[in-house]
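Here is what each chain is made of, one letter per residue.
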Amino acid sequence: VTNSCAVFFPCRCHCCPHLPTKPYKKSEKPCTLSEYMKQYPLYPFTVPRGSFKPDEAYKVVQIPMEGISATKRDYIAHEVLPQKLKAHEKYVKSDESMDLTSTYKRDYNSYPISQVPPCLPCVMRHIPRAKMDTKTTYEGDYVLWNVPKMEPIRQNNQFCPSEEKFDLRTIVQDDYLYWGPVATQSCKPLTVVQKIKAPFENTTSYRVNYVPHPLEKCYVHKNEKYKVNEVPFDGLTTPKVSYKGLAGQPAKLAKPEQLKLGHDLPFSSTTEFQEKYQAWPQPPILTKKPDVYLHPWEKMDLNTTTQIHYKHPNGKPAKICRSFAQLNRSTGPFNNSSIMKEDYKPWLCKRLTPIIHALELTFSEKPMDCLTTFQTHYVPHTITVTKSYKPVWPGPKHHTSLDGKTTYATSYTPKGIVRCLASYKDPPGYIFEGADSDGHNLYLPASKSECLQDGN
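Conventions adopted
Residues numbered from 1 in each chain as written. Predicted model: local features only at pLDDT ≥ 70, side-chain atom pairs only at ≥ 80, totals over all residues. Heavy atoms only, no water. Pairing = 2+ DSSP bridges. Helix = DSSP H or I, 4+ residues; strand = E, 2+ residues; numbered from the N terminus. Buried < 20%, exposed > 50% of the residue type's maximum accessible area, 1.4 Å probe, protein only. Salt bridge = Lys/Arg side-chain N within 4 Å of Asp/Glu carboxyl O.

This next bit is on the pairing of strand S1 (residues 430-435). Summarising the sheet, S1 and strand S2 (residues 441-445) pair through five bridges and their orientation is antiparallel. In the sheet register, Gly434 faces S2, and the bridge partner there is Leu442. The turn linking S1 back onto S2 is made up of five residues, and Gly439 within it adopts a positive phi angle of 95°.

And the structure:
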């Protein structure tokens with residue numbers, strides 16, 4: 001008989017109390033095997049991170065609170081002395097003349113302007129004497145092919161217009177013939193006015209079902225009379241009671257000391273620009289003496305290039321090649337005919353008259369009733385009082401106590417507590433089979449053990 005069919009009963013509420021009895025692994029810790037551990041195994045998880053939130057514990061300061069505010073402690077009132085007004089000195093006119101010079105005229109002196117020679121290199125142009133080939137790449141590469149000219153493919157014009165006279169009729173006039181008006185039968189119903197002699201009932205479902213009820217009187221709240229408190233007012237506030245002023249040392253000023261500048265020193269007339277940016281020593285400027293102008297002894301030739309090269313030896317004025325218009329001054333009548341009038345003459349066309357059929361509609365001799373469709377079709381009918389299917393009001397309900405019965409209380413009855421099989425020393429219905437290496441007792445059902453014995 002194998003032990004695979006054996007069943008062990010660990011308690012559902014407690015772990016197995018046996019110690020492991022393996023030959024190679026022995027420990028004093030109890031076995032953690034249970035039904036919950038078997039059905040729901042543990043999965044690897046990460047330890048949650050610890051909270052960095054500080055403890056919400058209010059620390060009471062043991063030092064008593066001062067009665068001085070930050071404004072009173074930092075901003076101390078100093079003694080304000082009256083200002084000493086300086087007496088204005090009298091203006092004394094000086095005899096010295098004004099130099100009318102400025103800092104710009106004194107520092108930025110003008111320098112002589114010299115012409116800068118060009119820095120372009122000398123270019124030697126090579127002019128070829130060979131004859132230029134004026135043939136382009138397109139003319140050399142794209143040459144016409146010697147292909148014979150293709151004749152166009154044209155069909156023989158075999159159309160011959162018919163000699164019959166055109167009847168000037170359309171397809172609509174030939175196919176869609178005019179059949180005349182069609183006499184239709186009127187489906188208009190006859191106007192039958194039903195007069196009812198019974199009087200009109202003015203009762204409605206609202207008047208019948210909704211009965212007015214008497215109104216109850218509104219509850220009026222009575223105001224209580226004001227009673228004067230007999231305890232006298234102490235005149236103390238919360239700051240006066242809780243925050244009491246205590247003696248303490250005044251705070252020291254953290255403001256840095258400001259050194260007083262001596263205003264009696266004379267103002268220096270030199271600037272930072274004058275001290276750092278001083279004038280560089282300039283080399284002497286070389287000046288070239290101009291050449292002495294010498295008057296030429298030869299006489300000036302006043303002839304131009306046009307007078308020398310373009311001459312007219314034995315020239316005569318050119319004749320006009322325009323032919324004079326010969327005007328025919330005839331005394332006959334003016335001929336007003338033109339090519340347009342001779343070639344494009346107006347045709348003798350007659351205007352086509354429209355084809356209008358004769359009217360075949362016959363008007364009735366009866367006079368018109370002058371009634372609209374609304375007046376003929378929408379006839380006033382008698383009012384039919386519909387029956388109300390609203391249930392009758394049973395009257396005011398009496399205040400009855402709640403029975404307290406629910407679906408859960410009636411349907412879900414409490415069941416008996418089943419005792420765990422692991423609590424028995426020898427569980428009923430099972431036969432002891434043996435113990436495993438961990439010290440757990442293995443049991444087999446009585447039915448399976450009998451079947452195995454019969455099979456052996």
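Additional details are given in the paragraphs that follow.
Phi angles above zero are rare outside glycine, and Leu100 is one such case at about 55°. By the element assignment, Leu100 lies in the loop between helix H2 (70-74) and helix H3 (103-107). Notably, Cys370 is not glycine yet its phi reads approximately 60°, a positive angle. Along the chain, Cys370 turns up in the loop between helix H10 (339-343) and helix H11 (373-377).

Let us now look at the environment of Ile285. Note that Ile285 resides in the loop between helix H8 (272-276) and helix H9 (305-309). Classification of Ile285 by relative accessible area gives exposed; the value is 60%. Taking the C-alpha atoms as reference, Ile285 lies 9.0 Å from Pro112; in sequence the two are 173 residues apart.

Moving on: the pattern of salt bridges. Oppositely charged side chains can form a pair if their charged atoms are brought close together. Under the defined criterion, the tally for this structure stands at four salt bridges. Note that Lys276 and Glu272 form a salt bridge whose closest N and O atoms lie 3.1 Å from each other. Taken together, the residues Lys276 and Glu272, both in helix H8 and four residues apart, mark about one turn of the helix. With a relative accessible area of 60%, Lys276 lands in the exposed category. For Glu272, a relative accessible area of 53% translates into the label exposed.

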